[in-house]
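Commentary on secondary and tertiary structure
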Amino acid sequence: MAHYNFKKITVVPPAKDFVDIILSKTQRKTPTVIHKSYAIGRIRQFYLRKIKYTQQNYHDKLTQILTDFPKLEDIHPFYADLMNVLYDKDHYKLALGQINTARHLIDNVAKDYVRLLKYGDSMYRCKQLKKAALGRMCTVMKRQGQSLAYLEQVRQHLSRLPSIDPNTRTLLICGFPNVGKSSFINKITRADVEVQPYAFTTKSLFVGHMDYKYLRWQVVDTPGILDHSLEERNTIEMQAITALAHLRAAILYIMDVSEQCGQSIEQQAELFSNIRPLFANKPLIVCANKIDVLTLDELSEENKKIFDDFVSDGIPVVPMSTLSEEGIMKVKTEACDRLLAQRIDMKLKGKKVNDVLNRLHLAVPVPRDEKTRPPCIPEHVLQKRKAMDTSQQKKRKLERDIELEMGDEYILDLQKSWDLANPSEKFDIVPEIWQGHNVADFVDPDIMKKLEELEQEEELRDKAGVYDSDMSDEDEETKEMRKTAAQIRFKKKLIILRSREKRTVEKPRLPRTAKKVERKRLEREMEELGVDIQNKDQTHYATIRSRSSSRKPLKRKHEDARSRTRSASRTPRDKSGVRDEIMAKKVKKMAKVAQRKTNQFGKAGEADRHIPQKKPRHLFSGKRKIGKTDRR
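Attention here is on the structure that accompanies the text. Since we're looking at a predicted model, the values are computed, not measured. (Residues numbered from 1 in each chain as written. Predicted model: local features only at pLDDT ≥ 70, side-chain atom pairs only at ≥ 80, totals over all residues. Heavy atoms only, no water.)

1. Here's the deal with the nonpolar core
Stated formally: Take the buried Ala, Val, Leu, Ile, Met, Phe, Trp, Tyr and Cys residues and link them wherever side-chain atoms come within 4.5 Å; each set so joined is a nonpolar core. Buried, partly exposed and exposed residues are distinguished by accessible area as a fraction of the type maximum, computed with a 1.4 Å probe on protein chains only: under 20%, between the cut-offs, and over 50%, respectively. Runs of H or I in DSSP of at least four residues are treated as helices and runs of E of at least two as strands, each being numbered from the N terminus. What makes two residues a contact is simply this: any of their non-hydrogen atoms within 4.5 Å.
Among the nonpolar cores identified, the biggest contains 110 residues, and I51, Y58, F69, L151, F184, F307 and F310 are the most heavily contacted of them. If you tally residues by element for this core, the top one is helix α4 (residues 89-117), at 11 residues. Contact partners of F310, with chain neighbours within four places excluded, come to M255, A269, F272, V286, I315 and V317.

Here it is as structure tokens:
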């Protein structure tokens with residue numbers, strides 16, 4: 001900002017935190033060890049130091065707050081009125097006054113107790129006086145809780161205010177709500193102000209910056225103003241009034257000719273006449289916005305007369321549209337030029353101009369006779385200039401020029417620019433090489449003719465029935481073989497299907513060698529295949545010794561008569577391998593004993609709500625002395 005950087009105001013802590021900060025600093029920065037066996041002078045000095053140190057810290061902190069916050073009498077009237085609108089000047093001054101009073105009270109308390117401490121005749125009395133002094137200081141600060149909280153809110157709001165320089169080149173946009181003010185500032189600057197189709201979208205001042213004629217300009221977007229008396233205007237409207245009253249800027253009064261803002265052109269003109277005293281001695285432009293919806297020529301005669309009256313009063317009316325961007329640059333140029341001209345006139349009327357003009361002298365040569373004296377240029381210089389003049393030389397026709405002349409018929413031909421020994425070979429067909437051989441050498445020129453002859457020959461063969469299969473040539477033996485083969489294929493399909501059906505049942509699969517071979521089935525299948533088995537009782541499969549029947553394992557019945565019968569589902573994990581209820585109780589007891597040690601170490605985990613001591617005494621008590629500084 002021009003005079004103050006409100007973003008650098010120090011944070012104002014709450015009253016409780018303020019006291020904690022000061023007392024903690026006193027404990028850390030002053031001696032902490034004292035004994036009653038010390039001399040009384042040393043004891044008094046020990047406690048005097050604590051009182052004075054606490055008082056000085058309070059004094060410095062409060063002085064910093066009073067210094068950082070701006071004084072309304074010392075800042076620009078624009079800032080003073082803006083702070084009065086936003087924060088109430090009386091409340092602001094009262095809060096700072098209470099802080100100043102608290103500072104004086106703390107200084108007086110310290111002065112009184114320092115005087116009393118000089119008469120302390122024991123360590124106990126000195127300690128009680130110190131305790132009373134610090135207690136009264138802290139009581140004074142705790143009573144300032146509301147003032148400190150208010151000043152912290154003011155500080156946070158001040159830091160969010162836009163950086164407006166009251167003395168630089170400024171364009172100020174004003175008008176009814178929803179007429180297009182924020183859209184205009186978004187078009188001409190790099191600002192990004194929210195734009196919505198309802199009134200009072202902009203609730204505070206917004207600033208954007210732009211460049212014009214190599215100069216830096218700021219554009220201020222104000223909230224909408226309604227047409228009523230000054231006493232009835234709210235805080236949002238009063239911000240715009242404050243900016244209009246105190247900023248030396250070019251005023252852009254935007255009017256909505258389409259009346260989509262909810263206000264007629266007559267009402268907008270009436271608001272203009274009501275706030276016109278604020279435009280005194282400032283460049284003024286009326287911007288007729290939203291001409292993309294309704295142009296000035298399409299207005300009624302009464303509305304046209306309103307704009308004609310503006311022109312007759314010397315106020316330029318510039319039509320524009322923030323949607324189609326028509327007339328935006330014209331408004332910007334007109335406003336900037338008018339403001340620059342006014343600022344120059346004001347500077348010329350000032351006292352500083354005379355001091356500068358006295359140092360300047362403009363020399364204008366006066367002709368001594370009527371003889372013309374043209375500049376003398378040597379002949380060789382003129383010849384050199386003529387040789388260097390490129391405008392007279394014939395320009396070479398480029399490929400781009402040919403493309404523009406021919407248009408869609410243009411085809412890029414790179415072969416015409418080839419540099420060959422024989423220029424007539426430029427447009428020859430380039431041979432295609434594949435694996436070191438020219439493809440053209442293997443192309444038969446009569447291949448299409450040969451292909452046609454081959455196709456005709458195939459058609460004649462097809463008509464003659466050369467490719468028809470003759471089934472009557474087969475004899476009886478071949479037919480029998482085909483029939484047997486068909487039966488074998490059918491039997492094979494059946495076996496495959498049966499095998500697939502068996503696979504769907506999930507049973508333990510045994511190897512073929514482990515399966516038992518039934519004698520009757522084997523003999524039947526062999527006979528079907530045409531194998532005649534003789535001496536069936538003497539064959540190897542009939543003489544295999546039968547296995548002895550394996551003995552069934554004994555099953556102990558552990559079920560208790562009282563236990564309920566359960567279905568044949570899977571046994572739960574906690575009951576798997578448990579014989580009865582007695583064994584289950586024993587298992588649960590063993591599990592609890594095993595978990596006991598884990599529970600002891602798991603009580604203070606990162607998921608438990610345990611807040612450790614923030615300042616352990618063994619690390620923060622005592623005084624650091626010469627030597628190690630890693631701990632106290």
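2. Some thoughts on the sheet that holds strand β3 (residues 215-221)
Counted only if it meets this: Two strands are counted as paired when DSSP detects at least two bridges linking them. Think of each axis as a best-fit line through the C-alpha atoms, taken over the contacting stretch in the case of a helix, with angles from 0 to 180 degrees between the N-to-C directions.
Taken together, 6 strands build an open sheet; the order of strands is β2-β3-β1-β4-β5-β6 and the sheet is mixed. Two strands bound the open sheet, and with one partner strand each, they are β2 (206-212) and β6 (317-319). Taken pair by pair, the neighbouring strands of this sheet meet at an average axis angle of 25 degrees, ignoring direction. As paired strands, strand β4 (residues 250-256) and strand β5 (residues 284-289) are joined by 6 bridges and run parallel to one another. Bridging across to β5, M255 finds its partner in A288.

3. A look at the packing of helix α3 (residues 77-87) against helix α8 (residues 235-246)
Packed helices, taken two at a time, are described by the angle between their axes plus the distance between the axes. Quick reminder of the rule: When an angle is under 35 degrees it counts as roughly parallel; over 145 it counts as roughly antiparallel; between 65 and 115 it counts as roughly perpendicular; any other value is oblique. In this classification, the charged set is Asp, Glu, Lys and Arg, the nonpolar set is Ala, Val, Leu, Ile, Met, Phe, Trp, Tyr, Cys and Pro, and all remaining amino acids, among them Gly, are polar.
Their axes nearest at 9 Å, the elements α3 and α8 cross at an angle of 170 degrees. With respect to each other, α3 and α8 are oriented roughly antiparallel. Touching P77, F78, D81, L82, V85 and L86 of α3 are T235, M238, Q239, T242, A243 and H246, all from α8. Here the contact of α3 with α8 is composed, by residue class, of 7 nonpolar, 4 polar and 1 charged.

4. Remarks on the state of the cysteines
Defined as follows: The criterion for a disulfide is a pair of cysteine sulfur atoms lying within 2.5 Å.
If you walk through the whole model with that rule in mind, you get 0 disulfides. No disulfide involves C287; its nearest neighbouring cysteine sulfur is the one of C174, lying 9.3 Å away. A relative accessible area of 0% means that C287 is categorised as buried.

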